[in-house]
Every structure is written in structure tokens, then in C-alpha cells.
Amino acid sequence: MAKILVLYYSSYGHMSTMADAAAEGARAGGAEVDVLRVPETAPAEVAKAAGFKDDHTHPLIDSVDRLADYDGIVFGSPTRFGRMSSQMASFLDQAGGLWFRGALNGKVGAAFTSTASQHGGQETTLFSLITNMLHFGMAVVGLDYGFDGQNGVDEVKGGSPYGATTIAGADGSRMPSAVDLDGARYMGRRVAETAAKLAG
């Protein structure tokens, strides 16, 4: 049984919801799954003024060294000006020792994100996460076109061959749709299945 970590940062709850869907998919793929979040780095007064969510459902990860305990990691971060959030970047910047030891070589990685608009930098954000994974020596799994839900223009929806996505709206009021969540589940399952094959 593969052991998968879904690790994310969320300001307003969109990434937390997508993380749960990715974890559900990984469990359906036969994996043991943990869902953890990276620490907040914004000053408390800034987070409060911006209305950041503070009733988190997932615990904080206690150390960057925990990453080495898993066969696969699904990273989730909202977009900040077309790249991953500073909170996720700050956490991953602590992984130099893991990189030096090759502790993540051959593990499976995937990414998910959210933006305010349909063209708000989803793919560049996914690639900012994927770049880290490749430097860590991970095998990257995307949201392949076996997930047909990402096709079509019948509704506003996320989805990219590079990872699962959702669109929050300019005021953050749009939560992930059924299609967005199905994409995250599909990708989580693919990560679990791929990790089991590589570990086997």
C-alpha cells in the first residue's frame, strides 16, 4: 500500500476543499493518506484584515523531513501573481537537506491550485510547484485527459493537463465545482496508483 501526503496552503478554504478531494481519490486508489497544511507566514494582523480562514480542519506539518516518509506527495497552493504562495515556497525552501540526500528521488508528485479568474496564472503556478518536484527528483503526475471533465466549454471549470485546478472568483465566493473536485479525485487516484507501481 502506497503512503501519500496531500500537503497544501489555503487562505480561504478553496485549497483545503481540493485537498480533501485529492485525498479521497488517493484512498480510492488503495493508498494510506495524510492531509497536512504548511504554516501561515503572514502576520496575524494581515491575515485577519484579509479575512483568512482560521478554523482549519487539517493539522500543520511538523517538519520538512516528513516529506521523506511518503511514496507520493500532492502539493496544493493558491496562485499568488502567477506562482505558488509564499507560504508554500517558504516551506519548500527548507528542503535543501532532503534534496542533498536525494530523499525524494523517485517519489511521485502532483500539483493543484486555484485562481481568482480563468486566466489568473493556473498553469504557471502548477509549473512553479512542478519545478520544485523535478529538482527533488520526483516523478510528476498531471491531470491527464483520461479525466474528460476538464474538456468542453459548457460551464466555468478548472482543470489542466498539468494539475487539478479551481476558480475562486474575484471575491472568493466560488467554491470548487463538482467537476473541479472530480479532477482532484482523479489525479489523487493516479498518484496513488503510480506510487504503488513504482514502490512495487
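Residues numbered from 1 in each chain as written. Predicted model: local features only at pLDDT ≥ 70, side-chain atom pairs only at ≥ 80, totals over all residues. Heavy atoms only, no water.

Asks: Help me understand the side chain of Ser-114, please; the structure alone is not making it clear to me.
Replies: Within the secondary structure, Ser-114 is located in strand β6 (residues 108–115). Taking relative accessible area as the criterion, Ser-114 reaches 7% and is therefore assigned buried. Excluding residues within four positions of it along the chain, Ser-114 makes contact with His-14, Met-15, Ser-77, Pro-78, Thr-79 and Thr-166. (Helix = DSSP H or I, 4+ residues; strand = E, 2+ residues; numbered from the N terminus. Buried < 20%, exposed > 50% of the residue type's maximum accessible area, 1.4 Å probe, protein only. Contact = heavy atoms within 4.5 Å.)

Asks: Please explain the UniProt feature "binding site: NAD(+)" (unreviewed entry) in the protein chain as it appears in this structure.
Replies: Sites flagged by UniProt as "binding site: NAD(+)" (unreviewed entry) map to Tyr-12. Relative to the helices and strands, Tyr-12 is located in the loop between β1 (3–8) and α1 (14–28). Ignoring anything within four residues of it in the chain, the contact list for Tyr-12 reads Ala-50, Gly-51, Phe-52 and Lys-53. A polar atom in the side chain of Tyr-12 sits 3.0 Å from the backbone oxygen of Ala-50. (UniProt positions renumbered as here; feature names shortened; annotations may be inferred. Polar contact = N/O pair within 3.5 Å; in protein donor to acceptor, adjacent residues only side chain to side chain.)

Asks: Honestly, the layout of surface pockets in this entry has me stumped. Any pointers?
Replies: In this approach the atoms are scanned with a rolling probe the size of a water molecule, which exposes any empty space left behind. There is about 320 Å³ of room inside the largest pocket. In terms of lining residues, the largest pocket is bounded by 18 residues, among which Gln-118, Gln-150, Lys-157, Gly-158 and Gly-159 are the most central. When contributions to the lining of the largest pocket are tallied by element, the ones reaching two or more residues are α5 (122–135) and β8 (164–167). There is about 260 Å³ of room inside the second largest pocket. Where the lining of the second largest pocket is concerned, the elements lending two or more residues are α1, β4 (79–80) and β6. Of the residues assigned to the lining of the second largest pocket, the class counts are eight nonpolar, nine polar and two charged. (1 Å grid on protein atoms, 1.4 Å probe; cavity = no way out; pocket = protein on both sides within 12 Å on 5 of 7 lines; lining within 4 Å. Points joined across faces, edges and corners; volume = space filled by probe spheres on them. Nonpolar A, V, L, I, M, F, W, Y, C, P; charged D, E, K, R; others polar.)

Asks: Honestly, the pairing of strand β2 (residues 32–37) in this entry has me stumped. Any pointers?
Replies: If a strand is regular, its side chains alternate between the two faces of the sheet. Two strands pair when backbone bridges link them, and β1 and β2 are joined in this way by six bridges, in the parallel orientation. Residue pairing for β2: Lys-3 is matched across the bridge by Glu-32. Assessed by its sense of winding, the connection that carries the chain from β1 through α1 to β2 is right-handed. (Pairing = 2+ DSSP bridges. Right-handed = clockwise from strand over helix to strand, strands pointing away.)

Asks: What exactly am I supposed to notice about unusual backbone geometry here?
Replies: Leave glycine aside and you will find that most residues have negative phi; peptide bonds, for their part, are mostly trans. Its identity is not glycine, yet Phe-81 carries a phi of approximately 55°, on the positive side. As for its position among the elements, Phe-81 is in the loop between β4 and β5 (83–84).

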